[in-house]
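Understanding the architecture of this molecule
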Amino acid sequence: MALINLNAASLCTLLTNVKQIPHLRPLVMGIVNVTPDSFSDGGNYYNSEAALSHALALSDDGADIIDIGGESSRPGASPVSEDEELNRVMPLVEALVRRGILVSVDTTKPAIMREAGKAGAAMINDISALQHEGALDAVAATGAVVCLMHMKGNPDTMQKAPYYDDVVSEVEDFLTARAKACEDFGIARDHIVIDPGFGFGKTTEHNLDLMRALPKLRDLPYPLLVGWSRKSTLGEIAGGRNVADRLPASLAAALAATNAGANVLRVHDVKETLDALKVWRAMNR
Ligand code: 8Y7
């Protein structure tokens, strides 16, 4: 059923290697938001020329893959129509694929997944883990890799008193179940990446419990993607740092996640993260 997607195939090779060879550094995924309202860089790269030059700069900085998002997942962000999201995202996907850059598309909409896959996106990054009607089908049809992220509730309500009996087993069970749903649908195991979804329906305590349990998630048979970059839990721990002032905390979290077995780091600051990883690798070899 699934198409062959050459870009996805090379991403699969990278993911398999980082998952299996212990001292390799994780892959670095650079974040590009083509939105007027994302939480840390909303509006900065809203027009597609600015977004393209930002994406190319992150690629030049050494990003292994660029994650393009056309709809903010910030609480209270306004919903975006399918057409609007396509208009924001597709020109950038095409321009990057044309240059041989690996592309991930951050979307929850099956129509965007299909178009992105046709244009050669190597990965679909879905914060709702392909739970929308038709999403499993769309990803299977593209042959892309999929990142399944855990989120409790939806972006509008998720930070209103999130509650878990046991956050670690709930997240682990959810990711295992969604991965099984993908495999049952014909998405190959090596095309599935899992992510605990830091900050998505989680208090600081929940995020820290999950972080300490990361080795448990690493032991599942899927590469592990982690996104801590500039998130508010880091600002809080560091002592009330605002978004623009969270780079040191983000680098600390990136290295802690690396030590705990993260295979992909989703970050805003690619160059700085790669410097930190070079030091990590030199010291761990
Ligand atoms: C994550 C994400 C965001 C994350 C994955 C932000 C789209 C908020 N966070 N996708 N997206 N994992 N897979 O801070 O942690 O960038 S949006």
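The structure we're discussing is the one just above.
Residues numbered from 1 in each chain as written. Predicted model: local features only at pLDDT ≥ 70, side-chain atom pairs only at ≥ 80, totals over all residues. Heavy atoms only, no water.

A short note on the overall build of the protein chain
Along the backbone of the protein chain there are 11 helices and 8 strands. Scaling as 2.2 N^0.38, a compact globule of 285 residues should have a C-alpha radius of gyration of about 19 Å, and the protein chain matches this with 17 Å. Principal-axis analysis of the C-alpha atoms places the extent of the protein chain at approximately 40 × 40 × 40 Å. Intrachain contacts of the protein chain at a sequence separation of at least 6 include 69% that bridge at least 24 residues. Distance between charge centroids for the protein chain: 4 Å, based on 27 positive and 36 negative side chains. (Helix = DSSP H or I, 4+ residues; strand = E, 2+ residues; numbered from the N terminus. Rg over C-alpha atoms; globule rule 2.2 N^0.38 Å. Contact = heavy atoms within 4.5 Å. Lys, Arg positive; Asp, Glu negative; His and termini not counted. Charge placed at Lys NZ, Arg CZ, Asp CG, Glu CD.)

Section: the packing of aromatic side chains
Tallying each qualifying case throughout the model produces 1 aromatic pair. Ring geometry for Phe198 against Trp228: centres 4.3 Å apart, planes inclined by 15°, an arrangement best described as stacked. Highlighted residues: Phe198 in the loop between strand 6 (192-195) and helix 7 (204-212) and Trp228 in the loop between strand 7 (225-226) and helix 9 (232-238), separated in sequence by 30 residues. For Trp228, a relative accessible area of 6% translates into the label buried. The ring of Tyr164 has Lys152 sitting right over it, with the charged end atom 4.5 Å from the ring centre. (Phe/Tyr/Trp six-rings, centres within 6.5 Å; stacked < 30°, edge-to-face > 60°. Buried < 20%, exposed > 50% of the residue type's maximum accessible area, 1.4 Å probe, protein only. Lys NZ or Arg CZ within 6 Å of the ring centre and 35° of its normal.)

Focus on the pairing of strand 1 (residues 27-33)
Burial within strand 1 is extensive, with 7 of its 7 residues counted as buried. Residues Leu27, Met29, Ile31 and Asn33 of strand 1 are buried on one face, and the alternating residues Val28, Gly30 and Val32, pointing to the opposite face, are buried as well. Here strand 1 pairs with strand 8 (residues 264-267) via 4 bridges, running parallel. The residue bridging Met29 from the neighbouring strand is Arg266, located in strand 8. In the sheet, strand 1 pairs with strand 2 (residues 65-69) via 5 bridges, with the strands oriented parallel. Paired with Val32 across the two strands is Ile68, which belongs to strand 2. (Pairing = 2+ DSSP bridges.)

Looking at the sheet that holds strand 6
Pairing between the strands of a sheet is mediated by backbone hydrogen bonds and can be parallel or antiparallel. Reading across from one edge, 6-5-4-3-2-1-8-7 is the order of the 8 strands in this open sheet, with parallel pairing throughout. Two strands lie at the open edges of the sheet, namely strand 6 and strand 7, each paired on one side alone. Examined bridge by bridge, strand 4 (residues 123-126) and strand 5 (residues 145-149) share 4 bridges and lie parallel to one another. Counted as the bridge partner of Met123 is Val145 from strand 5.

What to know about the nonpolar core
Among the nonpolar cores identified, the biggest contains 70 residues, and Ile66, Ile68, Leu92, Val93, Leu96, Leu130 and Leu214 are the most heavily contacted of them. Excluding anything up to four places from it in sequence, Ile66 contacts Gly30, Val32, Ala55, Leu58, Ser59, Leu96, Ile101, Leu102, Val103 and Ser104. (Core = buried A, V, L, I, M, F, W, Y, C linked by side-chain atoms within 4.5 Å.)

A word on helix 6 (residues 167-184)
An α-helical turn contains 3.6 residues, so any two residues separated by three or four positions project in the same direction. Between its terminal C-alpha atoms helix 6 stretches 26 Å, which fits the 26 Å expected from 18 residues at 1.5 Å a residue. Within helix 6, the full set of buried residues consists of Val167, Val168, Val171, Glu172, Phe174, Leu175, Arg178, Ala179 and Cys182. The buried residues of helix 6 occupy one face: seen down the axis, they fall within an arc of 165°. Counted as exposed and oriented over 90 degrees from the buried face of helix 6: Asp173, Lys180 and Asp184. In this structure, the buried side of helix 6 is in contact with helix 5 (135-142), strand 5, strand 6, helix 7 and helix 8 (214-218). Here helix 6 starts with a cap whose side-chain oxygen sits 3.1 Å from the backbone nitrogen of Val168, and that cap is Asp166. Once helix 6 ends, the next one or two residues include Gly186, with phi positive near 100°. (Expected span 1.5 Å × (residues − 1). Arc of directions from axis to C-beta. Polar contact = N/O pair within 3.5 Å; in protein donor to acceptor, adjacent residues only side chain to side chain.)

Concerning unusual backbone geometry
One non-glycine residue, Leu130, lies in positive phi territory at about 60°. Residue position: Leu130 is located in the loop between strand 4 and helix 5. The class of Leu130 is buried, set by a relative accessible area of 1%. The residue Arg230 is not glycine, and still its phi comes out positive at about 60°.

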